[in-house]
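Residue-level listing of the chains:
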Amino acid sequence: MIRSHRIRLNPTPEQATCFAHAAGTRRFVFNWGLEEWKRQYEAGEKPSVLALKKQFNAIKSEQFPWVYAVTKCAVEGAFMDLAAAFKNFFEGRKAGRKVGFPKFKAKKRSREGFYLSNDKFDVSGHWLKVPKLGLVNMAEPLRFHGKILSAHITRTADWWFVSIQVEMPDLPKQVNDQAIGIDLGINRLATLSDGGVFENQKPLRSLLRQVRRLSQSLSRKKMGSRNREKARRKLARLHYRIACIRDDMLHKATTALAQQYGFIGMESLHVKGMMQNHALAQALGDAAFGRFTTFLTTKVAARGGTVQQVGRFSPSSKTCSCCGHVRDELPLSERTFVCPDCGFTLDRDWNAAINILNEALRLSASGL
Ligand SMILES: [Zn+2]
């Protein structure tokens with residue numbers, strides 16, 4: 001099992017400048033490779049990333065001597081990215097998906113960062129040793145123990161982070177036959193089929209006013225000015241903070257569920273489709289169903305359990321979990337389910353969670 005630990009770095013100003021240079025080098029080399037590919041292709045040649053890399057390495061000392069100022073992993077990583085971009089493009093095309101041709105990396109749009117192969121860095125306590133940079137302080141020591149595979153250094157808002165990939169022994173598979181159904185929601189993050197609840201802290205909603213104020217302030221600043229850059233950073237930091245609060249909440253909920261249950265039924269969510277409804281989008285983005293599903297699936301699978309997804313068109317909210325009667329309509333404002341047939345009354349989401357569990361068990365038993 002490969003796990004990745006993301007740690008905030010506390011670089012000196014010189015080190016931070018050096019990170020930015022390495023990230024810039026990666027971007028430059030990627031763009032050089034892409035441009036050269038296009039040129040060769042238009043000239044009727046058959047470009048390949050491997051050949052481009054050789055070509056670059058042959059001319060770099062003469063034309064781009066400054067690449068020697070940063071770790072050579074920055075150049076390596078750029079060609080790895082380029083190869084991945086073309087692989088994604090060609091394979092996507094073959095599979096009939098709509099994949100755009102690789103794009104140039106712009107400084108503002110693309111994620112700043114670079115890659116380090118495992119022979120190019122060392123980790124010891126709170127220190128990360130990077131070639132040509134020396135020791136960089138880490139906010140916490142590496143939590144995972146195992147074979148270190150690689151590292152990525154990236155920038156989010158104003159901070160630099162290192163993500164270290166570690167190969168770890170698989171968790172012992174625990175046989176756990178406890179089953180639960182989950183109804184994901186906006187008001188409550190999750191309602192369980194046993195009546196349990198995970199509240200949604202709504203980090204975005206409570207900080208929304210702040211986001212709105214900062215966005216307005218940003219839009220009033222003159223293009224390209226120092227103040228605009230300052231405002232942009234402030235907003236980015238706020239978004240980052242919100243994402244941290246949200247992920248923390250999602251991790252706590254999914255860990256608790258994965259520890260307790262070996263079989264989990266939940267609705268498959270076509271989050272993108274739901275996001276088109278703008279009024280809901282904010283709250284949905286806030287609750288981050290997609291991340292919840294990913295976290296939970298990974299954690300349950302690591303323990304040998306199963307997450308059974310239920311089609312979103314099975315009417316879990318409108319069905320009576322007691323007698324199976326399906327109501328024609330159930331407006332969102334009705335928070336309590338009342339069955340017109342048998343008189344069964346239950347909290348709307350709780351009723352839905354029971355239906356989701358039953359449907360998941362049925363699907364799993366029939367092997368679908
Ligand atoms: Zn009923």
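This structure is a prediction, so every number in the text was calculated from the model and none was measured. (Residues numbered from 1 in each chain as written. Predicted model: local features only at pLDDT ≥ 70, side-chain atom pairs only at ≥ 80, totals over all residues.)

Engineer: How should I be thinking about the sheet that holds strand E3 (residues 122–124) in this particular structure?
Structural biologist: Within a beta sheet, neighbouring strands are joined by backbone hydrogen bonds and run either parallel or antiparallel to one another. The antiparallel open sheet is built from 7 strands, whose spatial order is E2-E6-E7-E1-E5-E4-E3. Among the strands making up the open sheet, the edge pair consists of strand E2 (113–117) and E3. Neighbour to neighbour, the strand axes of the sheet diverge by 30° on average, direction disregarded. Bridge count between strand E1 (residues 2–10) and strand E7 (residues 159–167): 7 bridges; the pairing is antiparallel. Note on E7: the bridge partner recorded for Arg6 is Ser163. (Pairing = 2+ DSSP bridges. Helix = DSSP H or I, 4+ residues; strand = E, 2+ residues; numbered from the N terminus. Axes fitted to C-alpha atoms, helices over the stretch in contact; angles between N-to-C directions.)

Engineer: Any chance you could explain the sheet that holds strand E8 (residues 179–184) here in plain terms?
Structural biologist: The 5 strands lie next to each other as E10-E9-E8-E11-E12, forming an open sheet whose pairing is mixed. The open sheet has two free edges, formed respectively by strand E10 (197–199) and strand E12 (306–310), since each of these has just one partner strand. Strand after strand, the sheet turns through a mean of 20° between neighbouring axes, direction not considered. Across 3 bridges, the pairing between E8 and strand E9 (residues 188–192) is antiparallel. Along E9, the bridge assignment pairs Leu184 with Ala190. Against the sheet, helix H8 (residues 289–302) contacts E8, strand E11 (263–267) and E12, and its axis sits at roughly 145° relative to E12. (Contact = placed C-beta atoms within 7 Å.)

Keep in mind that these numbers describe shape and distance, not what the molecule does.
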